[in-house]
Amino acid sequence: MIKKTKYKIIKNKYFWISIFFFIWMSFFDSNSFMLHYRFQNSIRKMTYNRDFLKKKIILEGSQLKKLKTDTLYLEKLAREKFYMKKEDEDLFIVSRKNKKNNKLTSHINE
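What about the pattern of salt bridges?
Two side chains that carry opposite charge are able to pair once their charged atoms sit near each other. Applying the stated rule across the entire model yields 4 salt bridges. Its salt-bridge partner being Arg 79, residue Glu 89 comes within 2.9 Å of it at the nearest N-O pair. Separated by 10 residues along the polypeptide, Glu 89 in the loop between helix H4 (71–82) and strand S1 (91–94) and Arg 79 in helix H4 bring together distant segments of the chain. Here Glu 89 falls in the partly exposed class, since its relative accessible area comes to 27%. Arg 79 sits in the partly exposed class, given a relative accessible area of 29%. In this structure, a network of salt bridges that share partners links the residues Glu 75, Arg 79, Lys 86 and Glu 89.

Right, here's the structure in full:
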């Protein structure tokens, strides 16, 4: 009895048509499930990047406003990031140990 039902299912043309339809829609069609999955994944990544860049634009805008208005912050940034100094100062920069040759490196700007 079980063999007869299996045989009927395998011999059924609608079963084969539906299997063929599923395979066709999954892989070969221009609107396949695989393409929809890839598009959804790329949309998700683009949305994440858009939100990240919007936050970064807001942060950079606030830093730019602070640079334009606050001279002490501008001086601090110039000294820390660009190693600028006043005319009567000496600047000593000591780096951490170099892993390759285990020496302390230092730079002196006068």
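As for a nonpolar patch on the surface
Together, Ile 10, Trp 16, Ile 19, Phe 20, Phe 22, Ile 23, Trp 24, Phe 27, Phe 28, Phe 33 and Met 34 make up an exposed nonpolar region whose accessible area comes to about 1,200 Å². Elements with a contribution of two residues or more to the nonpolar patch: helix H2 (13–28) and helix H3 (33–69). If one sorts the elements of the nonpolar patch by residue count, H2 sits on top with 8 residues. Here Trp 16 is to be found in helix H2. Judged by relative accessible area, which is 46%, Trp 16 ranks as partly exposed.

Some remarks on H4
Its 12 residues give H4 an end-to-end C-alpha distance of 16 Å, which sits within 8% of 16 Å, the value for a rise of 1.5 Å per residue. What H4 keeps buried is the set Tyr 73, Leu 77 and Ala 78. The arc that holds the buried residues of H4, viewed along the axis, is 135°, so those residues lie on one side. Exposed residues lying more than 90 degrees from the buried face of H4 are Thr 71, Leu 72 and Glu 80. Two residues or fewer past H4, Tyr 83 is found with a positive phi of approximately 55°.

Considerations on the packing of aromatic side chains
Evaluated as defined, the whole model comprises 4 aromatic pairs. Between the aromatic rings of Phe 22 and Phe 33, the centroid separation amounts to 6.5 Å while the plane-to-plane angle is 45°, which identifies the pairing as tilted. Residue Phe 22 is found in helix H2, and its partner Phe 33 is found in helix H3; the two are separated by 11 residues along the sequence. By relative accessible area, which is 53% here, Phe 22 ends up exposed. On the accessibility criterion, Phe 33 (47% relative accessible area) is partly exposed.

Re the confidence of the model for the protein
For the protein, per-residue confidence averages 83 on the pLDDT scale, and 85% of positions sit at 70 or higher. When mean pLDDT is compared element by element in the protein, H3 scores highest at 95, while strand S2 (residues 106–109) scores lowest at 53.

Parameters and conventions
- Residues numbered from 1 in each chain as written.
- Predicted model: local features only at pLDDT ≥ 70, side-chain atom pairs only at ≥ 80, totals over all residues.
- Heavy atoms only, no water.
- Salt bridge = Lys/Arg side-chain N within 4 Å of Asp/Glu carboxyl O.
- Helix = DSSP H or I, 4+ residues; strand = E, 2+ residues; numbered from the N terminus.
- Buried < 20%, exposed > 50% of the residue type's maximum accessible area, 1.4 Å probe, protein only.
- Patch = residues over 30% accessible without salt bridge, like charges linked within 9 Å, V, L, I, M, F, W, Y side chains within 5 Å.
- Areas by Shrake-Rupley, 256 points an atom, 1.4 Å probe, with all protein chains shown as cover.
- Expected span 1.5 Å × (residues − 1).
- Arc of directions from axis to C-beta.
- Phe/Tyr/Trp six-rings, centres within 6.5 Å; stacked < 30°, edge-to-face > 60°.
- pLDDT = per-residue confidence, 0-100.

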